[in-house]
Amino acid sequence: MKSAHETKAANPRLNEVFDDLVATLKAFIRKHHIQYDEYHRALALLTEAGDKQEIPLLMDVFLEMTVNDVTYADRPGTETTVEGPFYVAGAPMLKQPFVLPHRANEPGDVLFFSGTVRSTDGAPLARAVVDVWQSDAEGQYSHFNIPEAKAPFNLRGRLTTDQSGRFEVQTWVPSSYQIPIAGPTGALLTALGRHAWRPAHLHLKVSHDGHATLTTQVFLQDDPWIDSDVVGAVKGSLVVGLTKHEDPSDLRKRDLKRPYYTASYDFVLPRVMAKAA
Ligand code: MBD
Ligand code: FE
C-alpha cells in the first residue's frame, strides 16, 4: 500500500514495513479502544526505558525470539537462540588453559565447560572462535550490573578450538537470572503478573571461516525456570546437565579444594556457500 505522504521510494522495503507497522498499530488502537490514559502510559514506559538504557532489554524480552525464529528458520546445525542485551564485543582472547576473566573472590562453583565445534558435514573445525559471556553466580552481568571498571570483561572471553575442534574453558556456574524488577521492563512484567526469570545459561557466539556464525545459549537442565523462561528462548536441544565432581582424586587432578562441575556441548556450524559471481 502506498502512503499519500510518499514522494519517492528511496527505500521500498522501509516504506513497505513501516507503513504496515503503523497500519497494524492503528488497527490495534481501534480494536482495543486505546485512549489517552493508556497512550500516555505507553509514552512514559518508553521514555523511562530510554532514560535507563533499557530499550534493548525491553525489545529482547518481548520480541527478539520471534526475530530469531524468522531469521534462522530452516538453518542446519546447532539451533540458535537470542543474543539478548548483554553481549559486549571485544572480550579478551584467552590463552591456554582457558579461564574466563574473574574476580579474586568470584562467588559460586567452578564449572569446566567443554565441547567440540564441527561443520554440518561432521568435519572438526580447528581454530574456531568461541566467544562466551554469562552472568555470575549471583545473576549479575559485567558491564551492565557490575561496573566495568570494577571487573572488566568479568566472565567474558574468547577462546579457540584445538586441532581436533575441541575446547575446554574454566568458568563459574551461572545462576538463574532475574531481569531487574525495579526498571520499566521488570515493572511491566510485574504489572502483567509474570515472573522476570530466565533459567541459568551460558551465551555463545561460535565462528569459523567459511561458516555462518552461531549465536546461541546453553541452558542448565535442573534450573527451576527451564520451562518458563520469560524470554521464551529455551530449546530442548540446548539444555545440558551438570556433573558434580567431589572425589579427592578429581579435585587433585584439577588442583581444586572445593567440588566443581563439568558440562559439555558439541556445536555444529553450517557452511556458507561461496556466492556465484
Ligand atoms: C538476559 O540475560 C538474556 O540473556 C536475555 C536474552 C534477555 C534478558 C536478560
Ligand atoms: Fe543472558
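Please refer to the structure higher up on the page.
Figured I'd write up the structure that's included with this text.

Basis of the calculations
Every chain's residues receive numbers from 1 upward, in the order its sequence appears when written. Going through the entries in the order they are written, you letter the chains from A and number the ligands from 1. For this predicted model, a pLDDT threshold of at least 70 governs which residues receive local features, and a threshold of 80 or more governs which side-chain atom pairs are given and counted, while totals over whole chains, interfaces and linings are taken from all residues. No hydrogens and no water enter the side-chain calculation; it runs on all heavy atoms of the structure. For two strands to pair, DSSP has to find at least two bridges joining them. A helix here means a DSSP run of H or I that spans at least four residues, while a strand means a run of E at least two residues long, and both kinds are numbered starting from the N terminus. Water is absent from the atoms considered, so a metal site may look incomplete; donors are defined as N, O and S atoms within 2.8 Å of the metal, or 3.2 Å for Na, K and Ca. Residue exposure (1.4 Å probe, protein chains only): buried if accessible area is under 20% of the type maximum, exposed if over 50%, otherwise partly exposed. By convention a nonpolar core is built from buried Ala, Val, Leu, Ile, Met, Phe, Trp, Tyr and Cys residues, the set being connected through side-chain atoms within 4.5 Å. By definition in these notes, contact holds between two residues if any of their heavy atoms fall within 4.5 Å. By definition, a salt bridge exists where a carboxyl oxygen of Asp or Glu is found within 4 Å of a side-chain nitrogen of Lys or Arg.

### Details of the sheet that holds strand β4 (residues 156–160)
The strand order across the open sheet formed by five strands is β4-β3-β8-β9-β10, and the pairing between neighbours is mixed. Each having just a single partner strand, β4 and β10 (239–240) make up the two edges of the open sheet. Here strand β3 (residues 129–134) pairs with β4 via five bridges, running antiparallel. Within β4, the position partnered with Asp131 by the bridge is Arg158.

### Re the sheet that holds strand β2 (residues 110–119)
Overall, mixed pairing links the five strands, which are arranged β1-β5-β2-β12-β11 in an open sheet. The open sheet has two edge strands, β1 (98–99) and β11 (243–245), and neither has a second partner. Strand direction decides the pairing type here: β1 and strand β5 (residues 166–172), joined by two bridges, are parallel. Residue pairing for β5: Val99 is matched across the bridge by Gln170.

### Quick look at the coordination of the iron ion (ligand 2)
Geometry reference: four tetrahedral donors at a metal, ideal angle 109.5 degrees. Six octahedral donors, ideal angles 90 or 180 degrees. Donor atoms from the polypeptide that coordinate the iron ion (ligand 2) comprise Tyr141 (OH), His201 (NE2) and His203 (NE2), at 1.9 to 2.1 Å from the metal. Site description for the iron ion (ligand 2): donor spacing in sequence, Y-x59-H-x1-H. A residue pair is termed long-range when its members are at least 10 positions apart, and Tyr141 in the loop between β3 and β4 and His203 in strand β8 (residues 201–207) qualify at 62 residues. Among the residues examined, His203 registers a relative accessible area of 4% and is labelled buried.

### Some thoughts on the pairing of strand β12 (residues 260–269)
Burial of β12 is extensive: seven of the ten residues sit out of reach of the surface. Across nine bridges, β2 lies against β12 in parallel orientation. Counted as the bridge partner of Ser119 is Leu269 from β12. Pairing analysis gives three bridges linking β11 to β12, with the strands arranged antiparallel. Residue pairing in the sheet places Lys244 in a bridge with Tyr261 of β12.

### Here's the deal with unusual backbone geometry
Note that the residue after Gln96, namely Pro97, is joined by a cis bond; omega there is -10 degrees. Positive phi outside glycine occurs at His143, with the angle close to 75 degrees. Tracing the backbone shows His143 in the loop between β3 and β4.

### Points about the nonpolar core
If you look at the biggest cluster of nonpolar residues, it comprises 36 residues, and the most contacted ones within it are Phe113, Val117, Val130, Leu159, Leu204, Val206 and Phe267. Among the elements of the structure, β2, β3, β5, β8, β9 (214–220) and β12 are those that each provide at least two residues to this core. Considering every element that reaches this core, the biggest residue donor is β12, with six residues. When neighbours within four sequence positions are excluded, Phe113 is seen to be in contact with Phe167, Glu168, Val169, Leu202, Leu204, Val218, Ala263, Ser264, Tyr265 and Phe267. Core analysis: the next-biggest nonpolar cluster, separate from the first, contains 14 residues, Met65, Tyr141, Val230 and Val231 among them.

### Observations regarding the pattern of salt bridges
Two side chains of opposite charge can pair, provided their charged atoms sit close to one another. Per the counting criterion, the structure on display carries ten salt bridges. Across the salt bridge formed by Asp229 and Arg198, the nearest N and O atoms sit 2.7 Å from each other. In this pair, Asp229 sits in the loop between β9 and β10 while Arg198 sits in strand β7 (residues 197–198), placing the two residues 31 residues apart along the sequence. The exposure class of Arg198 is buried, given its relative accessible area of 6%. Close ionic contact of Lys253 with Asp250 constitutes a salt bridge, the shortest N to O distance being 3.7 Å. Of this pair, Lys253 and Asp250 both sit in helix α5 (residues 248–254), separated by three residues, roughly a single helical turn. Relative accessible area serves as the criterion here: at 17%, Asp250 is assigned to the buried category. Each of Arg103, Glu106 and Asp136 takes part in a single network of salt bridges with overlapping partners.

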